[in-house]
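Chain by chain, the residues:
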Amino acid sequence: MLASERRQYILEKTQETGRVQINDLSQELGVSRMTVHRDLTGLAQEGLIRKVYGGATTTASPRVDDDACAMCSMRVRRRTAFILNCEDGSQIQACCPHCGLMLLTMRPEAISALTVDFLHGRMINVRTATYLVNSELTVCCTPSVLCFQFQDEAERFQRGFGGEVMDRAQAQAYLSTSMDIHRAHDEP
Ligand SMILES: [Zn+2]
Ligand SMILES: [Zn+2]
């Protein structure tokens, strides 16, 4: 298992269960406690988890430093932040899942990405999230993209606000296509 896969596993498990123990992770992953400890330290430095005695817990919200979105330069807000983690440990921040998914298309070197569940406000893995695209609920960029951990919750919002429920790949493809259309309109 690659270090990045191990860290992904730890991050997902922390998000699922709310809290992880170094001893458990060491057994599950078949690596030393020292290795798990280093992984947790790295994830904590990125602001993705919070280290506690003997393990780690989820962070209530991402470390967002009022940075500008790497895509559209708008200020990144905690409520809709989308964060790409790169192999070299650096982070790229986007204002919302709309810009985040576009960045993900442009920056395939990102090893993982997190965003905020629109309903519950907690960090979720963008890979397994469900997206409500082009609904009437516009919180940031258009076409609006809202992100949910659970598909049934995305569908609840869809009933109220329209739009299409998609997985990550579908949402990325949709945004690429819609940007091409916008570009075509811009041409004289
Ligand atoms: Zn943006
Ligand atoms: Zn945005």
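Calculation rules
- Residues numbered from 1 in each chain as written.
- Chains lettered and ligands numbered in written order.
- Predicted model: local features only at pLDDT ≥ 70, side-chain atom pairs only at ≥ 80, totals over all residues.
- Heavy atoms only, no water.
- Pairing = 2+ DSSP bridges.
- Helix = DSSP H or I, 4+ residues; strand = E, 2+ residues; numbered from the N terminus.
- Axes fitted to C-alpha atoms, helices over the stretch in contact; angles between N-to-C directions.
- Contact = heavy atoms within 4.5 Å.
- Donors = N, O, S within 2.8 Å, 3.2 Å for Na, K, Ca; no water.
- Tetrahedral: all angles 85-135°; square planar, octahedral: opposite > 155°, others 65-115°.
- Buried < 20%, exposed > 50% of the residue type's maximum accessible area, 1.4 Å probe, protein only.

1. Examining the sheet that holds strand 1 (residues 19-21)
Phase 1 of the analysis: Overall, antiparallel pairing links the 3 strands, which are arranged 1-3-2 in an open sheet. Edge positions in the sheet fall to strand 1 and strand 2 (49-52), since each has one partner strand and no second. Within this sheet the neighbouring strands show an average axis-to-axis angle of 25°, counted without direction.
Phase 2 of the analysis: Where strand 1 and strand 3 (residues 55-58) come together, 3 bridges link them in antiparallel fashion. Looking across to strand 3, one finds that Arg19 is bridged to Thr57.
Phase 3 of the analysis: Contacting strand 1, strand 2 and strand 3, helix 1 (residues 3-17) runs over the sheet at an angle of about 125° to strand 1.

2. Regarding the coordination of the zinc ion (ligand 1)
Phase 1 of the analysis: For the zinc ion (ligand 1), every protein donor is listed as Cys69 (SG), Cys72 (SG), Cys95 (SG) and Cys99 (SG), and the spread of their distances is 2.2 to 2.3 Å.
Phase 2 of the analysis: Geometry at the zinc ion (ligand 1) is tetrahedral, judged from its 4 donor atoms and the angles of 106 to 112° they form at the metal.
Phase 3 of the analysis: Expressed as a motif, the donor residue spacing for the zinc ion (ligand 1) is C-x2-C-x22-C-x3-C.
Phase 4 of the analysis: Between the zinc ion (ligand 1) and the zinc ion (ligand 2), the interatomic distance is 3.8 Å, and Cys95 donates to each metal, bridging them.
Phase 5 of the analysis: Relative accessible area serves as the criterion here: at 0%, Cys95 is assigned to the buried category.

3. Focus on unusual backbone geometry
Phase 1 of the analysis: Cis peptide bonds are those with omega within 30 degrees of zero, and the linkage from Thr142 to Pro143 qualifies with -5°.
Phase 2 of the analysis: Not every positive phi belongs to a glycine, and Ser73 is a case in point at roughly 70°.
Phase 3 of the analysis: Summarising the element assignment, Ser73 is placed in the loop between strand 3 and strand 4 (82-86).
Phase 4 of the analysis: In the Ramachandran plot, Asn134 falls in the positive-phi region, its phi being about 65° despite a non-glycine side chain.
Phase 5 of the analysis: Position of Asn134 among the secondary structure elements: in the loop between strand 8 (130-133) and strand 9 (145-148).

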